[in-house]
Every structure is written in C-alpha cells, then in structure tokens.
Amino acid sequence: MDGRPSCKAIRHLLPIALLLLAGCGGEDGEGGAVRLEAWHHAGREAERRTIREQVARFNAQHEGEIRIELTLIPEGSYNAQVQAAALAGELPDLLELDGPYLYQYVWQGSLRPVGPFLPEDTRADILPSIREQGTFRGRLYSVGAFDSALGLYARRDRLKEIGARIPEGPGEAWSVKEFEQVLGLLAEADPDGAVLDLHLNYEGEWFPYAFAPVLWSAGGGLIARPDHDRARGVLDSPESVAAMERLQGWIEAGYVDPNLDDAAFTEGRVALSWGGHWNYPRYRAAVGEDLVVLPLPDFGRGTRTAQGSWNWGIARACPDPEAAGEFLAFLLEDEEVLAMTRANGAVPGTRPALERSPLYGPDGPLRLLAEQLQGGQAVPRPRTPAYPVISTIFQDAFADIRHGMDVREVLERAAAEIDADLEANEGYRFPEEPRRR
Amino acid sequence: MPLRNRWKSFIDRETPAAWLLAAPALLGLLAFVALPFLLALALSFTDLRMGSPLPVEWAGLEQYARILSDPGFLHALRNNAVFAAVVVPLQTALALGLALLLDRPLRGMVVFRTLFFLPVVFPMSLVAVVWILIYAPGTDGLMNAALATLTLGAWEPVDFLHDPRWALPAIMLLSIWQGVGFQMVILLAALQGVPQTLHEAARLDGAGPVRRFWHVTLPQLRNPLIFVALVTAILAFRLFDQVQIMTQGGPLDATTTVM
C-alpha cells in the first residue's frame with residue numbers, strides 16, 4: 001500500500017464539502033430553449049445595470065431558443081467562488097474571469113477554446129491586446145468587450161513652466177533620464193518636492209499591473225518568456241534590478257507623494273500621476289483642459305504598458321457552446337461594446353467600437369491609451385497558470401522595495417520563491433504532458 | 001452481595017445508556033476533530049495541491065524536508081522563539097508589577113484597574129490598526145514624536161513597521177500593551193487570595209516589605225504565575241493577527257511567524 005486509497009477518499013470528500021458550500025443548481029429548460037448559466041462580476045452600479053440590460057436584450061432576441069441566466073458574483077471573492085465551483089463540478093456555462101487568471105482555469109481543465117464558436121469577423125475585430133491575453137497554447141480561450149489601460153497623467157501647465165517636452169505618442173515617450181530630469185525640475189518648483197503619484201495607496205494587483213511594465217521596458221521581466229519555466233535570471237536580472245533601483249530612487253529622493261487620501265493629483269499636490277483609464281473621469285473633472293495623458297517612461301527598450309481586464313470564457317462542461325458563442329458575439333457587437341464601456345469607462349474591446357468611442361476614438365482625449373493597446377506597447381501579464389503566485393510574490397517584493405530594502409536581495413529572493421513554486425507544481429505541466437524531471 | 005460487586009453491576013447497567021447519551025457528541029467529535037486531523041496528517045505525506053489537475057501522489061517525507069530546509073520557515077520559527085523569549089518574562093513581570101500597584105486600598109482604584117484592563121477588551125485587529133497610526137513614519141508619527149520629545153530631539157525618526165530592525169520589537173511592544181491587562185487581573189485576584197495572617201506573622205518576625213514580597217507573596221503566587229506564563233507562551237506561539245494586519249510578515253521576513 002502506498003497510501004493512495006486515502007488520497008482517493010479525500011478527493012471524493014473535498015468536492016462534497018465544497019458542493020455544500022457552493023449550493024447546487026438545477027437544470028430545467030423553459031419551452032425548449034437552451035438555458036445557459038452565466039457568471040459576471042458585480043462591479044459598479046452602472047456596470048451591473050448594463051449587463052442586466054444586455055442579457056435581457058439578448059434573451060428577447062432569442063426568445064424560445066436561448067435563455068441566459070445571469071448571476072452576479074462579488075468581485076472580492078470572485079476567484080475563490082470559481083475555484084470552489086470548479087472543484088465541485090458546478091461551474092456555470094459562461095464565465096466571466098479576470099484576464100490573468102485565465103491560464104490557471106485552462107490548466108485546471110475548466111474552459112474550452114472560444115475561437116470555433118465566434119464568427120470570423122468578430123474574431124478579427126477584437127483588439128490585439130485582448131486577443132493576445134486570451135490566447136494560451138495557441139488557442140483563443142477568452143474574449144473581452146473591453147480592455148484596461150495604463151499611462152502617465154500630467155498637468156500640462158506645470159510641464160510648460162519647466163519647459164519639458166510633451167510626448168505626442170508612444171514612440172516619443174520620455175527616456176527614463178529625461179523623466180528624472182523632469183522630476184527634478186518639477187520638484188524645484190514644488191513646495192514639498194513630491195511631484196509624482198504612483199498610486200502607492202492602491203493594493204494587491206495594482207503593483208504587478210503598474211510596475212511590471214517598468215521591468216519589461218528595461219529588458220527584464222517577472223518570469224522567462226515564452227516558456228515561463230523560471231524567474232531566476234529574469235526577475236533578478238541586472239536589467240530588472242537597475243530598473244527597480246531607479247524607481248526606489250524616486251521614492252528615496254522624495255519625488256513620490258504617498259497619496260494616502262487618493263487626492264494627490266486632483267488637489268494639485270503632484271504634477272504627474274501613474275494611473276489607469278479609470279482615473280480619467282475624476283482627473284478630467286479636477287484639471288479640465290489642462291489634463292494630458294503620456295506614455296510611461298522608456299527604460300531602454302521602448303515604453304511598455306499594461307492591459308487586461310474582465311474576459312468571457314466558455315466552460316468545458318457547457319452543453320451548447322454554439323449558443324454560448326452566440327451570446328459572446330452579441331456582447332462584442334459595436335453597440336453592446338459601446339454600451340458597456342460607457343458604463344465602466346474602459347477601452348472598447350473591438351476596433352470598430354474603438355473608432356466610434358468619444359474617449360478613445362481618433363480625436364478622443366485618451367487616444368494614446370488606445371494606440372498603446374494596438375501598437376504592441378501593452379504587454380499581457382505572464383500567460384501561465386503560475387500567475388496568481390507570481391503576482392503575490394511580486395507584491396511582497398514591491399512592498400519591501402518601496403520601503404528601502406536592498407533591491408537585488410529582494411528580487412533574488414522573490415525569484416527563488418517563484419522557482420520553488422514552479423518546481424512544487426512540476427512546472428505547471430498539463431496532466432497529459434510528460435513529467436519534466 | 002458485597003458492596004463492590006453491587007457498585008460494578010450498577011456501572012454495567014448504566015454503561016449502554018451512557019454511551020447512547022454521549023453518542024451524538026462523540027460522533028461530532030470524531031467527524032469534525034479526529035477525522036480531519038488524521039486526514040491532514042495523511043495528506044501531509046502526499047503532494048496534494050488545491051486546484052491542481054495533476055494527480056495526487058505519495059510524497060513520503062518530502063514536504064517535511066522542504067519546509068525544514070525553507071529559510072522562510074526557519075526565520076518564522078526564530079521570530080516566534082524570540083517573541084516568546086522576550087514577551088513571556090517581560091509581560092509576566094509587568095503584569096505582576098501592575099497587580100502589586102493596584103492591590104492597594106486606595107480611593108478610585110477601580111478606575112485604574114479598568115484603565116489597565118481596557119486594552120484587553122478591544123479586538124486585536126482594532127488595536128493593530130490604531131497602532132499602525134501610532135507607529136507612523138516621519139516626525140509626525142506619534143511614537144516618533146514622543147521619543148523625540150523624551151530624548152530632547154536626539155531621536156532620529158524611524159519607520160517602525162518597515163525597518164527590519166524595528167518591526168519585531170514594535171509588534172512585541174503592542175502585544176505586551178494589549179495582553180498585560182488580562183494577566184494583571186489574574187494576578188490581582190491571586191494577590192487578594194494571599195492570607196493577611198502570613199503577612200502579619202512575617203511583619204512580627206521583623207521582615208521588611210522586600211523580604212515579605214520574596215518570601216510570602218511570591219511563593220503564594222507560584223501557581224497563578226505558572227498559569228500566566230504558560231498562557232502567554234501559548235499565545236506567543238499563536239502570534240498572527242497583529243502581524244497580518246501591520247506588516248504581513250515583512251520587511252524581509254523580519255516578522256514572519258509560523259502561523
């Protein structure tokens with residue numbers, strides 16, 4: 001006996017326990033219509049209202065054929081709920097998911113590719129950044145109606161005062177040297193010398209989202225690409241260490257406002273704010289015409305930025321993936337994409353909708369963010385089932401770096417921790433793949 | 001019938017009923033305490049990973065070897081040991097000192113007792129959040145400002161919770177402040193149980209206050225002191241809440257604990 005029976009017993013008991021927690025769903029069709037369960041993150045009020053209206057519109061269009069039943073799940077515990085449902089075999093047919101979690105869900109065998117169930121033109125219209133994030137091992141597993149974007153907000157008048165050059169597009173990004181000169185000049189004119197907001201008041205996923213681009217732009221990264229088989233030599237490479245040392249230098253020089261009240265930029269305490277598309281409405285209201293969006297500084301290999309937001313996937317167990325695909329195609333129609341992005345302010349996820357967007361369209365104030373998503377400057381977070389672990393470890397490392405610990409030591413330790421996790425999970429090989437030992 | 005046999009048959013008659021009555025509780029105990037414990041023990045010899053599609057395999061002692069060679073875990077053990085070694089004697093001594101101070105028939109003593117016991121009433125999570133503000137970095141931080149005033153400005157402001165040298169002592173101080181009231185109350189109760197006759201006898205024999213403390217009070221408090229030290233030690237090894245809220249184990253593992 002090698003103990004296997006007891007393991008089996010556990011694997012039977014666990015799902016039962018989780019099933020009790022997750023609650024059970026039933027199957028009862030209504031007048032012969034295909035009934036599909038869909039999970040969506042609860043989001044803000046406007047977002048909730050929009051998805052409910054969209055589902056109602058779709059159900060009305062497909063009366064008697066397809067019926068989508070929507071469940072809204074709180075954002076904070078979304079992933080935990082999905083994990084519990086997956087273990088219990090109770091996943092919904094259609095599942096919204098946060099972009100970087102996709103690969104873990106695919107690895108766990110919860111999702112099926114969506115490509116075959118979407119019309120050719122719909123697939124062609126999707127933004128390259130969303131397609132890239134949704135593609136894993138050569139197949140498209142998820143699509144999103146919108147994407148997120150990251151940039152550097154600035155007050156134009158402050159930059160003019162010090163005579164700084166204002167970059168017009170991603171190709172004209174400040175080099176990191178130029179950026180530091182700008183910081184220095186701005187600081188001289190500032191009463192407390194703190195002129196930059198890095199949103200250090202945010203928590204969790206913000207840190208890999210906002211600062212992995214710094215590593216990529218310097219030629220480093222979180223983990224080796226494309227194999228995702230080690231972090232050593234990448235996260236602790238000289239390029240990564242040098243880039244994070246510069247960033248730490250900004251904090252130590254006093255250029256960075258801790259922004260505890262989340263009002264550093266709106267109150268005019270700082271001239272520059274490292275922020276996401278979601279900051280725009282408040283910033284615009286506070287600063288008006290003077291607000292300008294710039295690419296992040298270039299650490300040597302060209303500016304890089306982040307992307308990635310909520311996506312839709314189809315569960316492997318979904319009985320009618322064609323019907324599910326129809327719903328996704330509906331959500332990706334121009335009008336629907338525009339309705340959703342009007343509600344949440346995100347970047348429209350298809351090119352035709354993007355062109356018609358007042359914010360991100362050709363003359364829109366956030367055009368630069370849209371260009372970065374199409375021009376290859378936006379990089380998806382590592383496309384590996386290990387991402388949740390990488391993210392947590394990087395968050396801890398960043399906390400140590402911002403509080404002045406030795407950057408090389410911190411990153412070497414983080415890289416070793418990630419590698420230990422990769423080893424413990426057999427490199428996140430798929431069950432059908434041979435063991436690498 | 002001899003008495004002993006009659007007693008035995010009484011037990012025999014009652015045994016089935018006793019088992020029947022205890023059964024629900026015993027079943028619950030088995031299902032929710034014994035079984036999970038045994039399963040957890042068995043699982044520790046496998047490579048079970050939550051959410052992994054890879055098959056679970058027998059791993060033998062590998063997990064134990066891994067954790068015992070993990071510098072993070074060893075660090076955590078050391079932090080726990082240091083924490084216990086400092087906090088247990090210090091907190092017990094402080095509690096005894098407070099108890100002695102408060103064991104006097106003075107007017108308004110109840111107010112003082114309440115004040116010293118107050119921190120125990122608040123949940124640790126609340127206390128930790130308040131102390132984050134106290135430990136705020138820079139000259140504006142309450143603790144930094146207080147130390148600067150006390151040292152007439154010689155104190156260099158410290159970022160207590162993010163400096164590897166200061167983070168653990170900072171957490172120790174908060175823990176002592178929060179926990180000392182509870183032990184003080186226990187020792188106070190024990191102090192009031194020390195017979196006055198012993199003190200009077202010692203006084204008649206010419207013993208001063210110091211000798212009476214060492215030879216009367218302390219021996220009388222032996223068992224309560226052992227109890228207090230034991231409970232403090234257990235709590236010291238269960239250290240978690242304040243660390244999780246204040247430092248999340250950082251900086252550089254300076255405050256990680258086993259929990």
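Numbering of residues starts from 1 in each chain and follows the order in which that chain's sequence is written. Whichever chain is written first is A, and whichever ligand is written first is 1; the rest continue in order. In view of the model being predicted, local features appear only for residues whose pLDDT reaches at least 70, and side-chain atom pairs are presented and counted only at 80 or more, with totals across whole chains, interfaces and linings using the full set of residues. The side-chain quantities take in all heavy atoms of the structure and omit both hydrogens and water.

**Observations concerning the overall build of chain B**
The condition is simple: In this description a helix means any DSSP run of H or I spanning at least four residues, a strand means any run of E spanning at least two, and both kinds are numbered starting from the N terminus. All radius of gyration figures rest on C-alpha atoms, and the globule criterion is 2.2 Å times the number of residues raised to 0.38. Only protein chains enter the accessibility calculation, which uses a 1.4 Å probe; a residue whose area is less than 20% of its type maximum is buried, one above 50% is exposed, and one in between is partly exposed. Two residues qualify as a contact provided that any one of their heavy atoms is within 4.5 Å of a heavy atom in the partner residue. Using a 1.4 Å probe, accessible areas were evaluated by the Shrake-Rupley method; residue-level cover was limited to the displayed protein chains.
Check the secondary structure of chain B and you find eleven helices and zero strands. Each helix (α) and strand (β) of chain B, taken in turn from the N terminus, gives the series α-α-α-α-α-α-α-α-α-α-α. Against the 2.2 N^0.38 benchmark of 18 Å for 259 residues, chain B shows a C-alpha radius of gyration of 26 Å, more extended than a compact globule. In terms of its C-alpha atoms, chain B occupies a principal-axis envelope of roughly 75 × 65 × 30 Å. Residue burial in chain B is summarised as follows: out of 259 residues, 32% are buried. Intrachain contacts of chain B at a sequence separation of at least 6 include 63% that bridge at least 24 residues. Summed over its atoms, the accessible surface of chain B is roughly 16,200 Å², and 72% of this surface lies on carbon and sulfur atoms.

**Re the packing of helix α3 (residues 71–102) of chain B against helix α7 (residues 167–192) of chain B**
Angle between the axes and distance between the axes: these two values describe a pair of packed helices. Residues and elements named next belong to chain B. As a reminder of what qualifies: To get an axis, fit a line to the C-alpha atoms, keeping to the stretch in contact for a helix; angles then go from 0 to 180 degrees between the N-to-C directions. Roughly parallel covers angles under 35 degrees, roughly antiparallel covers those over 145, roughly perpendicular covers 65 to 115, and oblique covers all other angles. Each helix crossing is assigned a hand: it is left-handed if the near helix lies turned anticlockwise from the far helix by less than a right angle, otherwise right-handed if that turn is clockwise. Gly is put with the polar residues, along with every residue not named as nonpolar or charged; the nonpolar set is Ala, Val, Leu, Ile, Met, Phe, Trp, Tyr, Cys and Pro, and the charged set is Asp, Glu, Lys and Arg.
At their nearest, the axes of α3 and α7 sit 7 Å apart, and the two run at 40° to each other. Classified by the interaxial angle, the pair formed by α3 and α7 is oblique. α7 is crossed by α3, and the crossing has right-handed handedness. Looking at side-chain class alone, the contact of α3 with α7 contains 21 nonpolar, six polar and no charged residues.

**Some points on the pattern of salt bridges**
Any two side chains of opposite charge can pair, so long as their charged atoms come close to each other. All names here are of chain A. Inclusion rule: Note on definitions: salt bridges are taken to be side-chain nitrogens of Lys or Arg within 4 Å of carboxyl oxygens of Asp or Glu.
In the structure shown here, the tally under the stated rule is 26 salt bridges over all chains. In this structure, Glu336 engages Arg57 in a salt bridge whose closest nitrogen and oxygen atoms are separated by 2.7 Å. One end of the pair, Glu336, is in helix α13 (residues 334–344); the other, Arg57, is in helix α2 (residues 45–61), and 279 residues separate them in sequence. Classification of Glu336 by relative accessible area gives buried; the value is 6%.

**As for the sheet that holds strand β4 (residues 111–112) of chain A**
Residues and elements named next belong to chain A. The condition that has to hold: The pairing criterion for strands is at least two bridges between them, as found by DSSP.
Pairing is mixed in the open sheet, where five strands are placed in the order β2-β1-β3-β14-β4. Looking along the sheet, the strands with just one partner apiece sit at the ends: β2 (66–73) and β4. Relative to β2, strand β1 (residues 34–41) runs parallel, the two sharing eight bridges. Directly across from His40, in β2, lies its bridge partner Leu72. Of the strands in this sheet, β1, β2 and β14 (310–315) touch α2, which is tilted by about 165° from β2.

**A closer look at the packing of aromatic side chains**
Residues and elements named next belong to chain A. Heads up, the rule is: A pair of Phe, Tyr and Trp rings is counted when the ring centres sit within 6.5 Å of each other, with Trp represented by its six-membered ring. The angle between the planes then sorts it: under 30 degrees is stacked, over 60 is edge-to-face, the rest tilted.
On inspection of all chains with the given rule, the structure shows 33 aromatic pairs over all chains. Seen from their ring centres, Tyr78 and Trp310 are 4.9 Å apart, and the 80° between their planes marks the pair as edge-to-face. Highlighted residues: Tyr78 in helix α3 (residues 78–88) and Trp310 in strand β14, separated in sequence by 232 residues. Comparing Tyr78 with Trp310, the two get one shared label, buried. An angle of 20° between the planes, with centres 6.3 Å apart, marks the rings of Phe207 and Phe211 as stacked. In this pair, Phe207 and Phe211 both sit in helix α9 (residues 206–218), four residues apart, roughly one turn of the helix.

**Observations regarding the UniProt feature "domain: ABC transmembrane type-1" (unreviewed entry) in chain B**
Here is the rule we go by: UniProt positions are given in the numbering used here, feature names are shortened, and annotations may be inferred rather than shown by experiment.
Sites flagged by UniProt as "domain: ABC transmembrane type-1" (unreviewed entry) map to residues 77–259 of chain B. Helix and strand shares over residues 77–259 of chain B are 70% and 0% respectively, and the end C-alpha atoms of the span are 10 Å apart.

**Examining the domain arrangement of chain A**
Residue and element names in this part refer to chain A. Rules: Segmentation of the chain into domains, including their bounds, is taken from an automatic or database domain assignment. A 1.4 Å probe defines the accessible area here, and the buried area is the portion of it lost by two parts on being joined, summed over both. Two N or O atoms count as a polar contact when they lie within 3.5 Å, although within protein this holds only if one can serve as hydrogen donor and the other as acceptor, and sequence-adjacent residues are included solely when both atoms are side-chain atoms.
According to the domain assignment, chain A contains domain 1 (35–148 + 308–380) and domain 2 (151–306 + 385–425). In this structure, domain 1 and domain 2 have C-alpha centres spaced 28 Å apart. With 25 residues of domain 1 at the interface, the matching set in domain 2 holds 20 residues. Counting the surface lost from both domain 1 and domain 2, the interface buries some 2,000 Å², and carbon and sulfur atoms represent 68% of this. On the domain 1 side of the contact with domain 2, Leu368, Gln377 and Val379 bury the most area, a combined 27% of that side's loss. In this assembly, domain 1 and domain 2 are joined by zero salt bridges. Linking domain 1 to domain 2 there are four residue pairs in polar contact (both at pLDDT 80 or more). The set of elements that each furnish at least two residues to the side of domain 1 that touches domain 2 consists of α4 (102–107), α15 (367–374) and β16 (378–379). For the side of domain 1 that touches domain 2, the element with the most residues is α15, which contributes five residues. Classifying every residue of the side of domain 1 that touches domain 2 gives 16 nonpolar, seven polar and two charged.

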